[in-house]
There are 2 protein chains.
Amino acid sequence: MKTLQSCLAVTARYLATLPTFAKLTEDDRKLLASESYLRSYDKGECLFQMDEPASHLVCLVRGSVRVYRVLPDGKEKVIHLVRAPALIAEAPTFLGGAYPSSAACTTDCLVVAIPRKALLGAATRLPELPWRMMAELFSRLRELTRSLEAHSQQSGVVRVASFLIGLGHGKSAVDLPAAKKDVANYLGLRAESFSRALSALQKTGAIEVTDRQILIVDRDQLEQVLVE
Amino acid sequence: MKTLQSCLAVTARYLATLPTFAKLTEDDRKLLASESYLRSYDKGECLFQMDEPASHLVCLVRGSVRVYRVLPDGKEKVIHLVRAPALIAEAPTFLGGAYPSSAACTTDCLVVAIPRKALLGAATRLPELPWRMMAELFSRLRELTRSLEAHSQQSGVVRVASFLIGLGHGKSAVDLPAAKKDVANYLGLRAESFSRALSALQKTGAIEVTDRQILIVDRDQLEQVLVE
């Protein structure tokens, strides 16, 4: 991890890429930026560890992050795969307490780290901030609900198809936000089941699989899988 | 569903049982109560349906509720089993939009229904309210995270033991908050696997199972299951 020297305007511009801060005035963003740190992390580096005091809100402005928990049996469960721009750990930082999970970079990352004190100060100055945070939390809840549904009932092929459609946002080439084993873990699949599902989808002509990129060749075909 | 005629003080007292409203002044609670409805529901009645506009925050002050989603294949997935006192659907009511799931009473219930407009008014008067709601959402996120972990890795026996310990809060007799099939669904188990897990736990001497009540005979034994 490196803390970068940068002018306020640059950090403020990064903050503007996050929906929660996009609607603040430039002055409010600069004030927040003046109390925050711009940091770069290498792929594989840890952002924070489960059970550490939640000292910073992590604003992920470039790269992808794997949020996971270590279970009592020592295995990991990937809870979220986060892609920039996104907030990470806003609730524990806001509310006080410990990080409920660990976070590690799955690519090189750029982060604006906002200390808890600065965040609380901003929330006092800007009463709409807690509302925006709540919207973030709510969308996180919906993501977890969908994951839970997928874990309880859907086949591997349906989980993978639905994940790829969600990643794509209409694009035809999608980069996996993490290594295949982490994506498999996130989807609640064994690595082999994940590979089998990719192969099955490739056979239908819906996708083409290269190393870490997946080409969506026929989106209609991919969506068809969800309703079959 | 019946809307009950009650004096403000009674509705306000019910609101005081909810952590989110417990720290308001009596006057603030009475004002909120004056804009809300005290309602009783019979077991099996629906509180709201998925995709309906989120018009009311449901404050469950007596009884238990099953929050579920209907999946594309028509099956239900139980997302939460909620016991009074608890808030239901605070985020969509706060933020606007539709209920992301349906809710039905698994016992007779008593509810204070707060209309969206009254909730927004209260949040403007009481800036700590959005923070409290955020804490509620965060604890919901943690519950879902634990569910997801359980769905992805734990055995049926461990899921059931952990659920019973959570229900018990130190008590020796626990009432299931919903029918066995709903509890099984919530835990991501088939009804038969749920019954098998109960039998297995009964054989260890940890619990005794009657109709809808479960007696925790040996809590240490039950907790032992989690670490084996």
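S.K.: What is the right way to look at the packing of helix α1 (residues 8–16) of chain A against helix α3 (residues 26–34) of chain A in this model?
M.R.: Each pair of packed helices gets described by two things: the angle between the helix axes and the distance between those axes. Residue and element names in this part refer to chain A. Contact geometry of α1 with α3 gives a least axis separation of 8 Å together with a crossing angle of 110 degrees. In terms of orientation, α1 lies roughly perpendicular with respect to α3. In the packing of α1 onto α3, the handedness of the crossing is right-handed. Counted together, Leu8, Ala9, Thr11, Ala12, Leu15 and Ala16 of α1 and Glu26, Arg29, Lys30, Leu32, Ala33 and Ser34 of α3 form the full contact between these two elements. Each residue belonging to the contact of α1 with α3 can be placed in one class, and the counts come to seven nonpolar, two polar and three charged.

S.K.: Honestly, helix α1 (residues 8–16) of chain B in this entry has me stumped. Any pointers?
M.R.: Residue and element names in this part refer to chain B. For α1, the complete set of buried residues consists of Thr11, Ala12, Tyr14 and Leu15. Angular distribution of buried residues about the axis of α1 spans 155 degrees; they occupy a single face of the element. The inward-facing, buried residues of α1 abut α2 (19–22), α3 (26–34), β2 (37–41), β4 (56–62) and β9 (109–115).

S.K.: Is there a simple way to explain the relation of the copies chain B and chain A in this structure?
M.R.: Both copies of the chain are related through a single rotation about an axis accompanied by a shift along the same axis. When chain B is fitted to chain A, the residual RMSD is 0.0 Å, and the transformation amounts to a turn of 180 degrees plus an axial shift of 0.0 Å. Between the two chains, the operation in question is that of a two-fold axis. A share of 100% of the interface residues of chain B reappears at the interface of chain A, consistent with the copies meeting face to face through the same patch.

S.K.: Please clarify how the side chain of Glu90 of chain B should be interpreted in this entry.
M.R.: Residue and element names in this part refer to chain B. Mapped onto the elements of the fold, Glu90 is located in helix α4 (residues 90–95). On the basis of relative accessible area, Glu90 is assigned to the buried category, the value being 1%. With sequence-adjacent residues up to four places away left out, Glu90 is seen in contact with Leu57, Met133, Glu136, Leu137 and Arg140.

S.K.: Is there a simple way to think about the environment of Ser195 of chain A in this case?
M.R.: Residue and element names in this part refer to chain A. Within the secondary structure, Ser195 sits in helix α9 (residues 191–203). The class of Ser195 is partly exposed, set by a relative accessible area of 36%. Counting along the chain gives 14 residues from Ser195 to Lys181, while the straight-line C-alpha distance between them is 9.5 Å.

The rules we used
Counting restarts for each chain: residues are numbered from 1 in the order of the written sequence. As a convention, the first chain written is A and the first ligand written is 1, with the rest following in written order. Per-residue local features are limited, in this predicted model, to residues with pLDDT of at least 70; the limit for side-chain atom pairs, both in listing and counting, is 80 or more; totals at the level of whole chains, interfaces and linings are taken over all residues. Each side-chain value is derived from all of the structure's non-hydrogen atoms; neither hydrogens nor water enter the calculation. Simply put, an axis is a line fit to the C-alpha atoms, just over the touching stretch for a helix, and the angle between two N-to-C directions goes from 0 to 180 degrees. Starting at the N terminus, helices and strands are each numbered in turn, a helix being any DSSP run of H or I of at least four residues and a strand any DSSP run of E of at least two. Roughly parallel covers angles under 35 degrees, roughly antiparallel covers those over 145, roughly perpendicular covers 65 to 115, and oblique covers all other angles. Take the far helix as the reference: if the near one is turned anticlockwise from it by less than a right angle, the crossing is left-handed, and if turned clockwise, right-handed. Contact definition: two residues touch when any of their heavy atoms are within 4.5 Å. Polar here means any residue other than Ala, Val, Leu, Ile, Met, Phe, Trp, Tyr, Cys and Pro, which are nonpolar, and Asp, Glu, Lys and Arg, which are charged; Gly is therefore polar. Each residue is placed in one exposure class: buried if its accessible area under a 1.4 Å probe, protein chains only, is under 20% of its type's maximum, exposed if it is over 50%, and partly exposed if it falls in between. This arc is taken over the directions from the axis of the helix to the C-beta atoms. Alignment of copies: least-squares fit on C-alpha atoms of residues with pLDDT of at least 70 in both copies.

The analysis is restricted to geometry; functional conclusions fall outside its scope.
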